[in-house]
Amino acid sequence: MILHWDPLVLHYGPRISIHRPRFEQASQTTYGLLCCRYSPTEDELGYSTGAHAEANLLQSALWTTHLPNALRQWTPHDSRITVTLALNRSPCRACAALLCDALSALYRDFPARGPQNRFILAARGVYEDAAMAARTTQNDLVRLRDAGWELCVLQVGPTLSARGRLLLEGVERVAGRGFVRLHG
């Protein structure tokens, strides 16, 4: 599954374009962008950089307050809430567990509403530390998918990076092949 950058801009608005350079080249520092579209006219963005950026985003008011409030007010007659967590590299094992726990908690708090909305995890490429101790594993991808995350590789530019191709192999084994559409 591949999610191209341009549909993110079309879906969440042009203000996310300022974050694109952080996804064009991989770096040792994690960069995360949390995009939430609550309705066709209401969306919010949050970002974090540094070690475990995704863990920081899960502690942000966007995840802990705004998203639960939106789910509380959501009805099946509304447009689906679409949440995209874009990362410049896949989560380490510890962050993968945090992402699973965070989405599981939302689903427990909103059992009729959470699973009817979308939670997309898009990483630009696979993460491997030098010791290969904290790398993202196939089991991590399975756990993330089973927790409710739609897994995909984020493509920025005309082709996937070498690490993006590696991640795509794992994601396709777990989530299938194709392209992620944000509209419709």
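Look above for the structure.
It should be emphasised that the depicted structure is a prediction, and the values quoted were computed from it without experimental measurement.

**Digging into the pattern of salt bridges**
As enumerated under the stated definition, the model contains 7 salt bridges in all. Between R145 and D146 there is a salt bridge whose closest N-O contact spans 2.8 Å. For R145, a relative accessible area of 35% gives the class partly exposed. Put simply, E172 and R177 hold a salt bridge, and the shortest N to O gap is 3.3 Å. Look at the salt bridges and you will find they share partners, linking D6, R20 and E24 into a network.

**Here we look at the environment of I2**
Mapped onto the elements of the fold, I2 is located in strand β1 (residues 2-4). Taking C-alpha positions, I2 is 9.6 Å from R124, a pair spaced 122 residues apart along the chain. Setting aside residues up to four positions removed in sequence, I2 forms contacts with C152, V153, Q155, L160, L168, G178, F179 and V180.

**Observations concerning helix α6 (residues 138-147)**
When α6 is considered as a whole, its buried residues turn out to be D140, L141, L144 and A147. Looking down the long axis of α6, one finds its buried residues gathered within 130 degrees of arc, a one-sided arrangement. Residues of α6 that are exposed and angled more than 90 degrees away from the buried face: N139 and D146. After α6 finishes, the residue G148 shows a positive phi value of roughly 120 degrees.

**Remarks on the pairing of strand β5 (residues 118-123)**
In terms of burial, β5 is a largely internal element, 6 of the 6 residues being buried. Judged from the 6 bridges that link them, strand β4 (residues 82-87) and β5 form a sheet pairing that is parallel. Looking at β5, one finds that A86 is bridged to A122. One crossover worth recording links β4 to the parallel β5 by way of helix α5 (residues 93-109), and it is right-handed. The pairing of β5 with strand β6 (residues 150-155) spans 4 bridges and is classified as parallel. In the strand pairing of β6, I120 is matched with E150.

**Topic: the environment of V9**
Checked against the element boundaries, V9 lands in helix α1 (residues 5-12). For the pair formed by V9 and R20, sequence separation is 11 residues and the distance between their alpha carbons is 9.7 Å. Leaving out residues up to four positions away in the same chain, V9 has contacts with P14, I16 and S17.

**Remarks on the pairing of β6**
Across the 6 residues of β6, 5 count as buried, placing the element largely inside the fold. As paired elements, β1 and β6 share 3 bridges and run parallel to each other. Across the sheet, L3 pairs through a bridge with L154, a residue of β6.

**Section: helix α4 (residues 61-73)**
Three- or four-residue spacings in an α-helix give side chains the same orientation, since the helix completes a turn every 3.6 residues. An ideal rise of 1.5 Å per residue puts 18 Å on 13 residues; α4 measures up with 17 Å between its terminal C-alpha atoms. Where α4 bends most, at L67, the angle is about 30 degrees, and the proline P68 comes one to four residues later. Inspection of α4 places L62, W63, L67, P68, A70 and L71 among the buried residues, and these make up the whole buried set.

**Some details on the nonpolar core**
Grouped together as the largest cluster of nonpolar side chains are 58 residues, with contacts concentrated most on L3, W5, W63, L67, F119, W149 and L154. The element that contributes the greatest number of residues to this core is α5, accounting for 7 residues. Leave out the neighbours within four places in its chain, and W63 touches L34, L57, L58, P68, V83, A102, L103, L106, F119 and W149.

**Thoughts on the packing of α6 against helix α7 (residues 162-175)**
Helices that pack against each other are described as a pair by the angle of their axes relative to one another and the distance between those axes. As a packed pair, α6 and α7 sit with axes 10 Å apart at the nearest point and diverge in direction by 50 degrees. With respect to their mutual orientation, α6 and α7 come out oblique. In this structure, the crossing between α6 and α7 has a hand that is right-handed. Here Q138, L141, V142 and R145 of α6 come into contact with α7, specifically with L167, G170, V171, R173 and V174. The residue inventory of the contact of α6 with α7, partitioned by class, reads 5 nonpolar, 2 polar and 2 charged.

Definitions and limits used
Residues numbered from 1 in each chain as written. Predicted model: local features only at pLDDT ≥ 70, side-chain atom pairs only at ≥ 80, totals over all residues. Heavy atoms only, no water. Salt bridge = Lys/Arg side-chain N within 4 Å of Asp/Glu carboxyl O. Buried < 20%, exposed > 50% of the residue type's maximum accessible area, 1.4 Å probe, protein only. Helix = DSSP H or I, 4+ residues; strand = E, 2+ residues; numbered from the N terminus. Contact = heavy atoms within 4.5 Å. Arc of directions from axis to C-beta. Pairing = 2+ DSSP bridges. Right-handed = clockwise from strand over helix to strand, strands pointing away. Expected span 1.5 Å × (residues − 1). Bend = angle between axes of the 7 residues up to and from the residue. Core = buried A, V, L, I, M, F, W, Y, C linked by side-chain atoms within 4.5 Å. Axes fitted to C-alpha atoms, helices over the stretch in contact; angles between N-to-C directions. Parallel < 35°, antiparallel > 145°, perpendicular 65-115°, else oblique. Left-handed = near helix turned anticlockwise from the far one by under 90°. Nonpolar A, V, L, I, M, F, W, Y, C, P; charged D, E, K, R; others polar.

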